[in-house]
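# Breakdown of the fold
Here is what each chain is made of, one letter per residue.
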Amino acid sequence: MLQPELDQEDVLRRITNRIRQSLELQEILNATVAEVRSLLGTDRVMVYRFNPSGGGQVIAESVNTNRLSSLNGLNFPADDIPEQARQLYLTERLRSIVDVSEGLIGLSPLEPSETENRSTPQPIHYRPVDACHVKYLRAMGVQSSMVLPIVHYDIQAQRSQKRLWGLLVSHHVTPRSISQRELQIVQSVVDQVSIAIAQSNLLSQTRQQHQIEATINRVSTLLHSLPTIQLQAALQETVSALSSWGGRLYIAPDRVNSRAECLIWGTQPTLEEGDSPTMLEEHPVFVQWVTRDRTVDTANGSSESTSTPVGCQPLIVNDLDQVSELASLAPAFDGTPIRGWLVIPLYYRSSFLGYLSIFRSQVVQEILWAGEFNTNEKQRSPRQSFEQWREVKRNQAQPWTNYDIELAIALGHHFAMAIEQYKLYAQVQALNSNLECQVAERTAKLQQSLEQGRALQRVTNQIRSTLDLKTTLQTIVREVRQLLNTDRVIIYRFTDDSHGQVIVESMTGEWLSLLDIDDPQQYFSKAQIQVYQRGNLGVIKDVTQARLTPDQQEFLKRCQVKAALIVPIGLENPQAHEIPVMLESLPCPRWEQPLWGFLIAQECKASRDWLPSEIKLLKKLADQAAVAIQQAELFTHTQAQAQQLASAFHHLKQTQAQLIQTEKMSSLGQLIAGVAHEINNPVNFIYGNLVYTSQYAQDLLNIIHSYQKYYPQPEPEILELLDLIDLDFLEGDLPKLLESMKMGSERIRKLVLSLRNFSRLDQAEKKLVDIHEGIESTLLILQYRLKGKPNHPGIQVIKNYGELPLVECYPSQLNQVFMNVLSNAIDALEDCDSDNQRITISTTVQSKTNENQYSPNNTTQIEIEKNQGSSPTHIIIQIADSGAGISPELQSQIFDPFFTTKPIGKGTGLGLSISYQIIVEKHGGIFKCSSQPGEGTGFWIEIPIRQSQSEGK
């Protein structure tokens, strides 16, 4: 039964209020179908929404599940509602009421014809319903149906446009009549729904715009707001914002950067190996595609906007399989799920900067249909069932929406600005880098020899640490590979006159091992072997360009060798001649050496231009390898002489360590002397001119006093100037200022003199020197370590100097001894927690060697047996600290090479060993240590005043 008219108005008002209470469309539609079904009392009320293809989907439903099955979420094909019916729904807003039992359909257009009165409600005209329509409703289980169109007006369009948005449908399982009043009430509800749809669209557009702005802000922060331009992170954020699988940022080359750059993220197309160019954006097909005239083309899966100038407009590909122009690039996308491609050309002030490419993958599309049917054929008869039927479509392209394109264009503008900034930043960095390179170039050259010397020392120490031939050779190839940073290093040994094999190998990466590969017979010709026997080197920058035989080319190719550096290993160590390419004919020495094998560095990734320093270093290491090989073989064949060889090897280590340490001290002395010389010149200039500056200042002041005496009443302007400069203060302060500058200059001159005294570059031979001067120079250099620190008290230096004559000695080497002993004393005190930290230095002379023991902390008096009337022959220097001392078991080892009590990395164990050799061997003196735990450590240094007196010791 119909509800009273007042109740119907109340229901309409309630529906309208519920619609107005929310801006979320789905909530509005759910409330609408529930209230309309409550109003009509029918079994089902649903909202059916059309899609662009003409079909549709039930998006909201209120249903009595006891009488009808739910259709919510199910899709219906376009054939269910013919195009003619859809047009009537749109143009005349036709409402239809079907009574299946009576076989009638009632039609009521909302828009009256020109002859009808628009102010009066239009009557419902009934006529026989189509048989197919009846079968369709009966199959659905419906006897009564009412359909009202939902028309949407696009209020933001330039011209008001309307489109058929959907339908409001009411179903009932038993016959039911619909009154004119009910139709009007439901129509009012539909009108309110149309308004709500328009408001919801505005809300969606606002939210979409907000999302675009938020995404732009995030990307803009990465591109513009951070200290560095985060292009990679911005690309990742862009790919994520567009719900895509991958992206590329191609930066075109310019005048500064001759090579293009390309940043990638996610899934990428890959050009076939060997293609040129290697970048997708430089491929001729891509270039032709992006530079052709643009017209809108959606039939083949691509579309381009024509609102921007040609070349600047985005290129939109919804389905790569449908774009014939890009067929040649299809292999690059094979094996990837990419189907969509969006390309944004990047321009900044009409300057082309590159491309922003976004890739979208194919998807699996699942559609729930109301009833099973053939989607590829037109429906010619009504379906008999509307049960849910699932259709799965694989490899479906995702079209780019207007939102995607708008967002991509906006982000493209920011990327263009960021790339321009990136290039400017790169130019500035390049300029800074060039300046830094120029500054560091000379430093690098000066350090290069020192670094190579250290590297050679490290390798030499390792290969000298064992006489086992296999271990020695394995150490050589491992260290050489690390030093040269190459792919493979091998040692090849001849087994007969022209044939051999690889005996040790070190390589990085997954390259072919050469340990089990034999070279072909006669691989090396006699002429080639003779060239190597004369000491020549083989430098192969590129195997394909080197003068090699076809068999050699094929063998090296099979071994994955692109470049090589070959150094012969002989049983002797002659001076070799380097040649630019392998086996090039050059004048050779007349002598020949027995050829044991080769030390070979190989590059497997690409060709390599071997540097002269690398060739020289490898030659030195090959010489060391030859020595090691010869020693190992001698050790193997002459075990009876093992002790003699071990002693010689130990002596070689000591000599080498001393040479390296001496070279380091010589380099330090040269550096100190150079610095002292460079400081001395300007200081002398300043110091020499300070006298004249003082005299000139005094003369100027005298002139001013004369003016004040004879012109006691100066002009007002002069009085104002005198008040401004405060002449009285200036007159009193200027001499003090000049005196301070003079004192500072004298201090610098003393410091320079101390540095020069310490370096003693002009005294490499024996000289008569003041020992106290050398000690003071050393203390001055170490002054910064003697001062107190926040977490450590200062170190007090107590000097008890006697009257010493000039001593004949090697000054620079003696200063090295002072430096080593004092440095060790400071190190010991820094590790000690005592507040009373001191170093005591005492000097005296004696007429004969005193062997009395002494305490390290009682050096103010030295017990010396003096011969009355005899001249002094030796000087004694005692240096003691108040540290923790050294245990007795360690005192016997402190002069051994490489022995140290300091932590790893802080000491080498060479300082005291070399100092011992300098005092005992070089100067014929005595160098000994005395220490008790807890009482500190003292060193006794005794050398003759004249070196002739030490001969024979």
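Above this text sits the structure in question.
The text that follows walks through the structure, step by step, so that each part is easy to find. (Residues numbered from 1 in each chain as written. Predicted model: local features only at pLDDT ≥ 70, side-chain atom pairs only at ≥ 80, totals over all residues. Heavy atoms only, no water.)

## Things to note about the nonpolar core
- Within the largest apolar cluster, 38 residues are counted, with the highest numbers of intra-cluster contacts made by Ile771, Ile839, Ile875, Ile877, Phe927 and Phe939.
- Take this core: its biggest share by element is nine residues, from helix H19 (residues 811–830).
- Ignoring anything within four residues of it in the chain, the contact list for isoleucine 877 reads Ile771, Ile775, Phe818, Ser842, Thr843, Phe939, Trp940 and Ile941. (Core = buried A, V, L, I, M, F, W, Y, C linked by side-chain atoms within 4.5 Å. Buried < 20%, exposed > 50% of the residue type's maximum accessible area, 1.4 Å probe, protein only. Helix = DSSP H or I, 4+ residues; strand = E, 2+ residues; numbered from the N terminus. Contact = heavy atoms within 4.5 Å.)

## Regarding the sheet that holds strand S18 (residues 500–507)
- Spatially, the five strands line up as an open sheet ordered S18-S17-S21-S20-S19, and their pairing is antiparallel. With one partner strand each, in any of the chains shown, S18 and strand S19 (538–540) form the two edges of the open sheet. When the angles between neighbouring strand axes are averaged without regard to direction, this sheet yields 15°.
- Across eight bridges, the pairing between strand S20 (residues 563–570) and strand S21 (residues 595–603) is antiparallel. Counterpart to isoleucine 566 in the pairing with S21 is isoleucine 600.
- The strands that helix H11 (residues 526–533) touches are strand S17 (488–494), S19, S20 and S21; relative to S21, the one it contacts most, it runs at about 90°.
- Against the sheet, helix H13 (residues 612–637) touches S17, S19, S20 and S21, its axis set at about 35° to S20. (Pairing = 2+ DSSP bridges. Axes fitted to C-alpha atoms, helices over the stretch in contact; angles between N-to-C directions.)

## Focus: the side chain of aspartate 319
- In this fold, aspartate 319 is placed in the loop between strand S12 (315–317) and helix H8 (330–333).
- Polar contacts involving the side chain of aspartate 319 include one to the main-chain amide nitrogen of aspartate 321, which spans 3.1 Å. (Polar contact = N/O pair within 3.5 Å; in protein donor to acceptor, adjacent residues only side chain to side chain.)

## Brief notes about a negative patch on the surface
- On the surface, Glu715, Glu717, Glu720, Asp723, Asp726 and Asp728 cluster together to form a negatively charged patch.
- When residues of the negative patch are assigned to their parent elements, the largest contribution, three residues, is made by helix H15 (residues 716–725).
- Structurally, aspartate 723 is set in helix H15. (Patch = residues over 30% accessible without salt bridge, like charges linked within 9 Å, V, L, I, M, F, W, Y side chains within 5 Å. Areas by Shrake-Rupley, 256 points an atom, 1.4 Å probe, with all protein chains shown as cover. Salt bridge = Lys/Arg side-chain N within 4 Å of Asp/Glu carboxyl O. Lys, Arg positive; Asp, Glu negative; His and termini not counted. Charge placed at Lys NZ, Arg CZ, Asp CG, Glu CD.)

## Thoughts on a nonpolar patch on the surface
- Taken together, the side chains of Leu700, Ile703, Tyr707, Tyr710 and Tyr711 make up a nonpolar region of the molecular surface, amounting to roughly 640 Å² of accessible area.
- Among the secondary structure elements, tyrosine 707 is positioned in helix H14 (residues 642–710).
- A relative accessible area of 54% places tyrosine 707 in the exposed class.

## Quick look at the environment of threonine 544
- You can see threonine 544 is positioned in the loop between S19 and helix H12 (550–558).
- The exposed category is assigned to threonine 544, whose relative accessible area is 55%.
- Separated by twelve residues in the primary sequence, threonine 544 and leucine 556 place their C-alpha atoms 9.7 Å from one another.
- Within the structure, threonine 544 has its side chain in polar contact with the side chain of aspartate 542 (distance 2.8 Å).

## Brief notes about helix H21 (residues 911–922)
- Along its twelve residues, H21 runs 15 Å from first to last C-alpha, staying within 8% of the 16 Å computed at 1.5 Å per residue.
- Restricting attention to buried positions, one finds in H21 the residues Gly911, Leu912, Ser913, Ile914, Ser915, Gln917, Ile918 and Ile919.
- Of the residues trailing H21, glycine 924 is marked for its positive phi of about 65°. (Expected span 1.5 Å × (residues − 1).)

## A closer look at H11
- Residues Gln528, Ile529, Val531, Tyr532 and Gln533 constitute the buried set of H11.
- Next to the buried residues of H11 lie S17, S19, H12, S20 and S21.
- In the stretch just after H11, glycine 535 is the one whose phi turns positive, near 95°.

## Description of the sheet that holds strand S23 (residues 796–800)
- Here five strands make up an open sheet; going across it, the order is S23-S25-S26-S28-S27 and the pairing mixed. Of all strands in the sheet, those with a lone pairing partner are S23 and strand S27 (926–931), marking the two edges. Sheet twist, expressed as the mean angle between neighbouring strand axes with direction ignored, is 15°.
- Judged from the eight bridges that link them, strand S26 (residues 874–881) and strand S28 (residues 937–944) form a sheet pairing that is antiparallel. Counted as the bridge partner of isoleucine 877 is isoleucine 941 from S28.
- Here H21 sits on the sheet and contacts S27 and S28; the angle it forms with S27, its principal contact strand, is near 135°.

## Observations concerning the packing of helix H17 (residues 771–781) against H19
- It is the contact of H17 with H19, at a shortest axis distance of 10 Å, that shows an interaxial angle of 45°. As far as their axial angle goes, H19 and H17 are oblique. Judged by the twist between their axes, the crossing of H17 over H19 is right-handed. The segment H17 lies against H19, with Ile771, Gly774, Ile775, Thr778, Leu779 and Ile781 engaging Leu814, Asn815, Phe818, Met819 and Leu822. (Parallel < 35°, antiparallel > 145°, perpendicular 65-115°, else oblique. Left-handed = near helix turned anticlockwise from the far one by under 90°.)

## Comments concerning the packing of aromatic side chains
- Enumeration over the complete set of coordinates arrives at 22 aromatic pairs.
- For the pair tyrosine 250 and tyrosine 355, a centre-to-centre distance of 6.2 Å together with 25° between the ring planes defines the contact as stacked. Residue tyrosine 250 is located in strand S9 (residues 246–251), and its partner tyrosine 355 is located in strand S14 (residues 351–361); the two are separated by 105 residues in the primary sequence.
- Since its relative accessible area comes to 10%, tyrosine 355 is described here as buried.
- Taken together, the aromatic side chains of Tyr250, Phe286, Trp289, Phe333, Trp341, Tyr347, Phe352, Tyr355 and Phe359 make up a single cluster linked through ring pairs.
- Over the aromatic face of tyrosine 810 sits the side chain of lysine 922, whose NZ or CZ is 5.5 Å from the ring centroid.
- Here the basic side chain of lysine 928 rests over the ring of tryptophan 940, its NZ or CZ set 4.9 Å away from the ring centre. (Phe/Tyr/Trp six-rings, centres within 6.5 Å; stacked < 30°, edge-to-face > 60°. Lys NZ or Arg CZ within 6 Å of the ring centre and 35° of its normal.)

## Quick look at the pairing of strand S5 (residues 104–109)
- Across the six residues that make up S5, a large majority, five, are buried.
- Where strand S4 (residues 94–99) folds back on S5, the antiparallel hairpin that results is connected by four residues, among which glycine 103 adopts a positive phi of roughly 70°.
- As paired elements, S5 and strand S6 (residues 125–128) share four bridges and run antiparallel to each other. Along S6, the bridge assignment pairs isoleucine 105 with arginine 127.

## Considering the pattern of salt bridges
- This structure, assessed with the given rule, holds 24 salt bridges.
- For the salt bridge of arginine 67 with aspartate 43, the shortest nitrogen-to-oxygen distance reads 3.3 Å. Pair noted here: arginine 67 is in the loop between strand S2 (56–63) and strand S3 (75–76) and aspartate 43 is in the loop between helix H2 (25–40) and strand S1 (44–50), with a separation of 24 residues, a long-range link.
- A relative accessible area of 40% places arginine 67 in the partly exposed class.
- A salt bridge links glutamate 603 to lysine 605; the shortest N-O distance between them is 3.7 Å.
- Judged by relative accessible area, which is 9%, glutamate 603 ranks as buried.

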